[in-house]
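What follows is each chain in one-letter form.
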Amino acid sequence: MTSTPGSLTLGQAKAALDRGEPEAAAEIAVTVARSCMNAAEAAQALHFAGLVQAQSGKQHVGSARIRKALLLSPERASAWANLAQCSGKGDEILCLAKRGIMGNPGAPLGWALLGVAHHKCAQEKRAARHFPAALDHSRRSLLLRPDYAEALHGFVIEKRWNGLLDDPDGLIERSLQILARVTKVSGHPIMMFGPFAGLRDQLEAAIGSGGVRGPRRDFAKLPGVSEKPLHIGYVGSYLKEHALALALPELFRLHDRTKFRITLYIAPNANGEADCSEAIRDSGIEIVALSGLDSAQQAGRLRQDRVDILSDLDGFLSQDPLGLLQHDPAPIIVNYFGFPGTCGTLHDYIVGDPRLIPEMATSGYGERIVRLPHCYMPFDGGRPVSAVPTRSGAGLPEDAFVFLGFHSQNKVAADAFAAWMRCLREVPDSILWMLDHGDSHRTNLLASALRHGVSQERFVFAPKLKNEDHLARLSLADLYLDNSWFNAHTTGADALWRGLPVVTIAGETFASRVGASLLYAAGLPDLVAHSPDEQAKIAIALAQAPRRLAALRNHLKRAVKTAPLFKMAAYAHALERAYQAMAERARQNLPPAEITIKP
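Residues numbered from 1 in each chain as written. Predicted model: local features only at pLDDT ≥ 70, side-chain atom pairs only at ≥ 80, totals over all residues. Heavy atoms only, no water.

### Examining the overall build of the protein chain
Here comes step 1: Of regular secondary structure, the protein chain possesses 25 helices and 14 strands.
Here comes step 2: Out of the 599 residues belonging to the protein chain, those deemed buried represent 54%.
Here comes step 3: Split by element, the accessible area of the protein chain, about 25600 Å² in all, is 53% carbon and sulfur. (Helix = DSSP H or I, 4+ residues; strand = E, 2+ residues; numbered from the N terminus. Buried < 20%, exposed > 50% of the residue type's maximum accessible area, 1.4 Å probe, protein only. Areas by Shrake-Rupley, 256 points an atom, 1.4 Å probe, with all protein chains shown as cover.)

This is the structure:
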């Protein structure tokens, strides 16, 4: 770089940065740029100054410096990349990447940046629920960067959101191979690996995604002796319209206030809202909104309230699972109900049951297992239910055998879908009743059905309704067909509550064993299949045996009053005994260990 004797140099600016003086480094670089007679050298200095300022939190000033550098030297691919980092928005990054390629089409960095830009656009489209557009951006990203782990992750998710069940190009399999090698990728591990991952895969993915908590600090200990009620805190972000909000109110009402102080802490969700349902508000527990607090302040509030045991309802559903839990908000932290799987070592315990997490599955969890005597899942049987509509009013044929599959848009598995199509082929005058998730998803599912030899006339798609209306219509179906890798959880419990038998598929992982947990607790273990093929055989046999199906319905009518699945007073007592066992170990300075609660 040309300079006059005694003038400042870019080397001096870099030395200032090395000394931890970013403001001085940026000032020196700007001075160097002003004194340069060569445009390329001035651009280099301005680029350096802008990058330093952007990394120091002055992104607006930094991006302006980098833009000036690019006016002088538009071929600087690294400057386009740094400017894109300052932007953050997908469309802007896409535009910058294209301009960078125009300035220097031979620079690999520009094409790599274009791949990142398409991935960012895919994330934004997915968040806005524009799933076809998200899938298109992920495809483009992978064309540019075939081994880009984050884009592969997005591609796998977006195929599910779009109802694309097959994998003709082999990208899902390649995604798994690559994702298994990366140490960290955004998003939680169940949706990363989905139906293709076993317990060990999910544990490794959870740890790789950040599911590791640092060493506990001295203040994160339970007092040795206390006559005060044990303070149980629940923390969650999705407590207004999520399934959690429907299942928890009765448990909150039934907690023993003489032995336990119960507080619900509501953390802001992805939209910045910290709210809960009216049913939760009416349950009589203390409610604290953690709005406007960063993760350290949230943890400080819980410590100030002297929470003894924190039951985390989010896990990897949280916007920042590491944030709150890394700051030691309570002496004991529990992975409870919200996230269906291990979160690595973020929590001390995970609540399950013998069917959900059998002894042989223990090594697939980073937490210590707490096994409740029956089903791990709480249930609220006090919710309102509307009058049952007629079949014609719900858009169903009056005389058809109705298989029901009200599954989430992103969770339908190809192997389960194939079993459902077999049921339709072998049971005359039967239809499959599914939730309507929009034109693209519906079209792709019907195309998959056609490849299985089933016409679109065998499907009825249902709109989403208010919960009381949704519960009422469940009674119109004849048999619920469960999904494989991710069973029906609260929907499965609701179906049983409404007298609808469920045929589940029990797999290896937490999310794939919830149906088995529900059915055993409802007294219907014979409806647990261990493969999609077995599910189809059970379902077809039931459809051809109306008396047996009627007997199952009658059993469920009685089970609502007698089965452990619906006896929430006993459930609350068992969970409280588990909390007491955790606390007792902590008070004796013993590490977390497996806990089994007997009936």
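### Observations concerning the packing of aromatic side chains
Here comes step 1: For the structure shown, the criterion picks out 15 aromatic pairs.
Here comes step 2: Between tyrosine 234 and tyrosine 579, the ring centres sit 6.5 Å apart and the planes meet at 75°, which makes this aromatic pair edge-to-face. With a gap of 345 residues between them, tyrosine 234 in strand E1 (residues 230-236) and tyrosine 579 in helix H25 (residues 568-587) connect regions that are remote in the sequence. Per residue, the accessibility class of tyrosine 234 equals that of tyrosine 579, and both read buried.
Here comes step 3: Ring centres 5.6 Å apart and planes at 65° place the aromatic pair phenylalanine 316 and phenylalanine 339 in the edge-to-face group. Remark: phenylalanine 339 occurs in the loop between strand E5 (332-335) and strand E6 (349-352) and phenylalanine 316 occurs in the loop between strand E4 (309-312) and helix H17 (321-326); sequence separation between them is 23 residues.
Here comes step 4: Taken together, the ring pairs in this structure connect Tyr234, Phe252, Tyr336, Phe337, Tyr376, Phe510 and Tyr579 into an aromatic cluster.
Here comes step 5: Seen from the ring of phenylalanine 486, lysine 411 lies directly overhead, with NZ or CZ sitting 3.9 Å from the centre. (Phe/Tyr/Trp six-rings, centres within 6.5 Å; stacked < 30°, edge-to-face > 60°. Lys NZ or Arg CZ within 6 Å of the ring centre and 35° of its normal.)

### Points about the pairing of strand E8 (residues 401-405)
Here comes step 1: Most of E8 is tucked away: five of the five residues are buried.
Here comes step 2: Residues of E8 alternate between two faces, with Phe401, Phe403 and Gly405 on one and Val402 and Leu404 on the opposite face, all of them buried.
Here comes step 3: Two strands pair when backbone bridges link them, and E8 and strand E9 (residues 430-435) are joined in this way by five bridges, in the parallel orientation. By the bridge assignment for E9, leucine 404 is matched with tryptophan 433.
Here comes step 4: Bridging between E8 and strand E11 (residues 479-481) involves two bridges; their strand directions are parallel. Paired with phenylalanine 403 across the two strands is leucine 479, which belongs to E11. (Pairing = 2+ DSSP bridges.)

### With respect to the packing of helix H3 (residues 39-55) against helix H4 (residues 59-72)
Here comes step 1: Where H3 contacts H4, the two axes come as close as 7 Å, and the packing angle between them is 165°. With respect to each other, H3 and H4 are oriented roughly antiparallel. Crossing hand, H3 versus H4: left-handed. On the side of H3, the interface is formed by Ala39, Ala42, Ala43, Leu46, His47, Gly50, Leu51, Gln53 and Ala54, while H4 contributes Gln59, Val61, Gly62, Arg65, Ile66, Lys68, Ala69 and Leu72. (Axes fitted to C-alpha atoms, helices over the stretch in contact; angles between N-to-C directions. Parallel < 35°, antiparallel > 145°, perpendicular 65-115°, else oblique. Left-handed = near helix turned anticlockwise from the far one by under 90°. Contact = heavy atoms within 4.5 Å.)

### Quick look at the layout of surface pockets
Rolled over the atoms, a probe sized like a water molecule indicates the empty space that remains.
Here comes step 1: Reported here for the second largest pocket is a volume of approximately 390 Å³.
Here comes step 2: In terms of lining residues, the second largest pocket is bounded by 20 residues, among which Pro223, Asp305, Arg306, Val307 and Asp308 are the most central.
Here comes step 3: Within the lining of the second largest pocket, the residues separate by chemical class into nine nonpolar, two polar and nine charged. (1 Å grid on protein atoms, 1.4 Å probe; cavity = no way out; pocket = protein on both sides within 12 Å on 5 of 7 lines; lining within 4 Å. Points joined across faces, edges and corners; volume = space filled by probe spheres on them. Nonpolar A, V, L, I, M, F, W, Y, C, P; charged D, E, K, R; others polar.)

### Thoughts on the sheet that holds strand E14 (residues 595-596)
Here comes step 1: The strand order E3-E2-E1-E4-E5-E6-E7-E14 describes an open sheet built from eight strands, whose pairing is parallel. The open sheet is flanked by strand E3 (286-289) and E14, the only strands paired with a single partner.
Here comes step 2: As paired elements, strand E2 (residues 260-266) and E3 share four bridges and run parallel to each other. What sits directly across from threonine 263, in E3, is glutamate 286.
Here comes step 3: The strands touched by H25 within the sheet are E1, E2, E4, E5, E6, strand E7 (368-371) and E14, with E1 carrying the most contacts at an inclination of about 110°.

### Some thoughts on the sheet that holds strand E12 (residues 502-505)
Here comes step 1: Strands sit in the order E10-E9-E8-E11-E12-E13 across an open sheet of six strands; the sheet is parallel. Edge strands, defined here as strands with exactly one partner in the open sheet, are strand E10 (459-462) and strand E13 (528-529).
Here comes step 2: When E11 meets E12, the two strands line up parallel, connected through two bridges. Residue pairing across strands places tyrosine 480 opposite valine 502, the latter belonging to E12.

### Let's talk about the pattern of salt bridges
Here comes step 1: Across all of its chains, the model carries 18 salt bridges by this definition.
Here comes step 2: Arginine 253 serves as the salt-bridge partner of aspartate 380, at 3.2 Å between the closest nitrogen and oxygen. Here aspartate 380, found in the loop between E7 and E8, pairs with arginine 253, found in helix H14 (residues 249-254); they are 127 residues apart in sequence, far enough to count as distant.
Here comes step 3: Classification of aspartate 380 as buried rests on a relative accessible area of 4%.
Here comes step 4: Between aspartate 533 and arginine 422 there is a salt bridge whose closest N-O contact spans 2.5 Å. Residue aspartate 533 is found in helix H23 (residues 532-543), and its partner arginine 422 is found in helix H18 (residues 414-426); the two are separated by 111 residues along the sequence.
Here comes step 5: One salt-bridge network, in which partners are shared between bridges, spans Arg422, Glu426, Asp533 and Lys537. (Salt bridge = Lys/Arg side-chain N within 4 Å of Asp/Glu carboxyl O.)

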